[in-house]
Amino acid sequence: MKINKIFSAIFAAVGVAAAAAAVYLSLSYMNADPMLLTAPNLAKSQAAAMMNAVCRGDYETASGYILGNPSLGVDRDAADEVGVMIWDAFTGSLSYEMVGDCYATDEGLAQVIELTGLDIESVTEGLRDRSQALLEERVQNAEDTSEIYDENNEYREEFVMDVLYDAVTQAMEENSAQKTVSLTLNLTYQDGRWWVVADNQLLDAISGGILY
């Protein structure tokens, strides 16, 4: 199997169909200053519930707190063991803090969140070179090349995937770093409850940046 084909498929493509909408709480107050029409604590609890689900890696439940209940897609299984390993490390590292209280906006309320988790780029940066070096080392030291090459004298897929897995493991141990991002959760009141409004900032944060 050609090694470039393997390297290009480290992650599965993760699709996302996010519904986002912003509505005014009352048309009669379109030109007025923002007002808190219901207890902001209710909105804050909805935001917390969504973030708790995200930090559990339960994106299906998280979707239930987002306007339109979009299928986030980021909880789909990766195509290979390497992708699974990185994604599990990311979701397992997530934690968050709420900064201050909800505040009024023209569309409803907003809550500032600080989300901390694995910086995926710290693991994947330089992964190709690391994998290539490890592959060449194993080829050089191999006693039985039949475990490396197939009948077409190309690398066996299982051999390359083993090399990639070990390279990612090394990167996790030696280079992985945490990253904290600050984002604003926008909330809107509709159908008798508060909803988080999905936007690119939120989706980028809860996916570790691999959606874009």
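As a reminder, the structure under discussion sits directly above these lines.
Cut-offs applied
Residues numbered from 1 in each chain as written. Predicted model: local features only at pLDDT ≥ 70, side-chain atom pairs only at ≥ 80, totals over all residues. Heavy atoms only, no water. Core = buried A, V, L, I, M, F, W, Y, C linked by side-chain atoms within 4.5 Å. Buried < 20%, exposed > 50% of the residue type's maximum accessible area, 1.4 Å probe, protein only. Helix = DSSP H or I, 4+ residues; strand = E, 2+ residues; numbered from the N terminus. Contact = heavy atoms within 4.5 Å. Axes fitted to C-alpha atoms, helices over the stretch in contact; angles between N-to-C directions. Parallel < 35°, antiparallel > 145°, perpendicular 65-115°, else oblique. Left-handed = near helix turned anticlockwise from the far one by under 90°. Nonpolar A, V, L, I, M, F, W, Y, C, P; charged D, E, K, R; others polar.

Undergrad: Quick rundown of the nonpolar core? Include the residues and the values.
TA: Met 50, Tyr 59, Leu 115, Val 168, Leu 185 and Ile 206 are the most contacted members of the largest nonpolar core, which has 47 residues in total. Here this core takes nine residues from helix H7 (residues 157-174), the largest share from any one element. The contacts of Met 50, once residues within four sequence positions are left out, are Ala 62, Tyr 65, Ile 66, Leu 185, Val 196 and Leu 202.

Undergrad: Break down the packing of helix H4 (residues 81-93) against H7 for me, citing the residues and quoting the values.
TA: Between H4 and H7, whose axes approach to 9 Å, the crossing angle comes to 20°. Classified by the angle between their axes, H4 and H7 sit roughly parallel to one another. Relative to H7, H4 is oriented so that their crossing is right-handed. Each of Glu 81, Val 82, Met 85, Ile 86 and Ala 89 in H4 lies in contact with H7, whose residues at this interface are Met 161, Leu 164, Tyr 165, Val 168, Thr 169 and Met 172. Tallied by class, residues from the contact of H4 with H7 come to nine nonpolar, one polar and one charged.

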